Amino acid sequence: ETGVTQSPTHLIKTRGQQVTLRCSSQSGHNTVSWYQQALGQGPQFIFQYYREEENGRGNFPPRFSGLQFPNYSSELNVNALELDDSALYLCASSLGGENTGELFFGEGSRLTVL
Amino acid sequence: AQSVTQLGSHVSVSEGALVLLRCNYSSSVPPYLFWYVQYPNQGLQLLLKYTSAATLVKGINGFEAEFKKSETSFHLTKPSAHMSDAAEYFCAVSNDYKLSFGAGTTVTVRA
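## So, the environment of Ser109 of chain A
All names here are of chain A.
Right, on to step 1. Within the element layout of this structure, Ser109 appears in strand 11 (residues 109–113).
Right, on to step 2. Note: C-alpha distance between Ser109 and Gly3 (106 residues apart in sequence) is 15 Å.
Right, on to step 3. When near neighbours in sequence (up to four residues on either side) are disregarded, Ser109 contacts Gln6, Ser7, Pro8, Thr9, Leu21, Ala87, Leu88 and Tyr89.
Right, on to step 4. Within the structure, Ser109 has its side chain in polar contact with the backbone oxygen of Pro8 (distance 2.6 Å).

Written as C-alpha cells, this is what we have:
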C-alpha cells in the first residue's frame, strides 16, 4: 500500500511568484484535503477535493486554488505569493467525501517566501 | 462551527512519568474527536479517534483518551513516557468535510 506522497519537500520563492505543490493520494482513496500549517500553529483547512470536484473550502483567498485528477492525485496552486504564505503545506487523503474518519497525511511541502 | 482548545503549548515530563495532554471541545452535538502526533519534519499520524462508541479510546503507542461530555474534554494520556514520545500533539474535531485542529502541545521527555 503506497502512502501519501508530496512534492517538492522544500522550496523557496519570492513575493509575487506562483507555486504549484503536488500530492499523490494513498492507494484506494478518492478524497484529498490540503492544510496550511504556519510555524507554531495547528494545521488550517484550505480545501478538499472529492472525485475531482471541490467539496469544501476554508477561509483562504481565491489565489489559493486546486485540482484533482482522475487518478485522485492533486495540486495546490498559490498565486501572487505573500510573505505570510510561508508555511508547511500538508496533503491528506481519505475515503469518501466527509471527514468522519481518518486522514492520512503526507510529510508536507515546506514553502518559504522571501 | 465546532472547535477544540488545547491547554498548555508545552509539556515536559521525565521518562517513565505520566503524560497528560488536555483538550476541550465546543460542540452542541456529540463530535468526532481525534488526536494526531507530528514528529519533527514529518506529517501528522493518527493516534486515536472518538466516534461516539466507547468513551475510553485506546490508540497506538500506548496512548489513550477519555471522552467526558460533562466536562467537554478529550484529554490524552500515557502512563509511562518514553523518549520516542517527544513530538507535537494535536487535538482535532470533525466539522463536516474538514478537521479543525488545536494549536498543538509540544512534548519533551527528560532522561
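## Concerning the side chain of Thr31 of chain A
Right, on to step 1. Within the secondary structure, Thr31 of chain A is located in strand 4 (residues 31–37).
Right, on to step 2. Side chain to side chain, Thr31 of chain A and Asn30 of chain A meet in a polar contact 3.0 Å long.

## A word on the sheet that holds strand 8 (residues 74–78) of chain A
Residue and element names in this part refer to chain A.
Right, on to step 1. In spatial order, the strands read 1-3-8-7; together these four strands make up an open sheet with antiparallel pairing. Whereas interior strands pair on both sides, the edge strands pair on one side only; in this sheet they are strand 1 (5–7) and strand 7 (64–68). Neighbour-to-neighbour, the strand axes of this sheet turn through a mean angle of 15°, independent of strand direction.
Right, on to step 2. Bridge analysis of strand 7 against strand 8 gives five bridges, and the strand direction is antiparallel. What sits directly across from Gln68, in strand 8, is Ser74.

## Digging into the packing of aromatic side chains
Each aromatic ring pair is summarised here by two numbers: the centre-to-centre distance and the angle between the ring planes.
Residues and elements named next belong to chain A.
Right, on to step 1. Scanning the model with the defined rule gives 14 aromatic pairs over all chains in all.
Right, on to step 2. Consider the rings of Tyr35 and Phe45, whose centres lie 5.6 Å apart with planes at 65°: the pair is edge-to-face. Of this pair, Tyr35 sits in strand 4 while Phe45 sits in strand 5 (residues 44–50), placing them ten residues apart in sequence.
Right, on to step 3. On the basis of relative accessible area, Phe45 is assigned to the buried category, the value being 6%.

## Focus on the interface of chain A and chain B
The extent of an interface is frequently quoted as the accessible surface area lost upon association of the parts.
Right, on to step 1. Opposite the 23 residues of chain A that make contact, chain B presents 20 residues.
Right, on to step 2. Here chain A is connected to chain B by zero salt bridges.
Right, on to step 3. On the surface where chain A and chain B come into contact, there are three residue pairs in polar contact (both at pLDDT 80 or more).
Right, on to step 4. For the side of chain A that touches chain B, the secondary structure elements donating two or more residues are strand 4, strand 5, strand 6 (53–57) and strand 9 (87–94) of chain A.
Right, on to step 5. For the side of chain A that touches chain B, the leading source of residues is strand 6 of chain A, giving three residues.

## Things to note about the state of the cysteines
Covalently bonding the sulfur atom of one cysteine to the sulfur atom of another cysteine gives a disulfide.
Right, on to step 1. This structure, assessed with the given rule, holds two disulfides over all chains.
Right, on to step 2. Note that Cys23 of chain A is cross-linked by a disulfide to Cys91 of chain A, the S-S spacing being 1.8 Å. Sign of the S-S torsion, about -65° for the bond between Cys23 of chain A and Cys91 of chain A, identifies this disulfide as left-handed. In this pair, Cys23 of chain A sits in strand 3 (residues 19–24) while Cys91 of chain A sits in strand 9, placing the two residues 68 residues apart along the sequence. Neither Cys23 of chain A nor Cys91 of chain A differs from the other in exposure class; each is buried.
Right, on to step 3. Residue pairing for Cys23 of chain B: its cysteine sulfur links by disulfide to Cys91 of chain B, the two sulfurs lying 2.0 Å apart. When the S-S torsion is -65°, as for the bridge of Cys23 of chain B with Cys91 of chain B, the disulfide is left-handed. Here Cys91 of chain B lies in strand 9 (residues 87–95) and Cys23 of chain B lies in strand 3 (residues 19–26), a separation of 68 residues in the sequence. Comparing Cys23 of chain B with Cys91 of chain B shows no difference in burial state: the two are buried.

Criteria and cut-off values
Residues numbered from 1 in each chain as written. Chains lettered and ligands numbered in written order. Predicted model: local features only at pLDDT ≥ 70, side-chain atom pairs only at ≥ 80, totals over all residues. Heavy atoms only, no water. Helix = DSSP H or I, 4+ residues; strand = E, 2+ residues; numbered from the N terminus. Contact = heavy atoms within 4.5 Å. Polar contact = N/O pair within 3.5 Å; in protein donor to acceptor, adjacent residues only side chain to side chain. Pairing = 2+ DSSP bridges. Axes fitted to C-alpha atoms, helices over the stretch in contact; angles between N-to-C directions. Phe/Tyr/Trp six-rings, centres within 6.5 Å; stacked < 30°, edge-to-face > 60°. Buried < 20%, exposed > 50% of the residue type's maximum accessible area, 1.4 Å probe, protein only. Salt bridge = Lys/Arg side-chain N within 4 Å of Asp/Glu carboxyl O. Disulfide = S-S within 2.5 Å.

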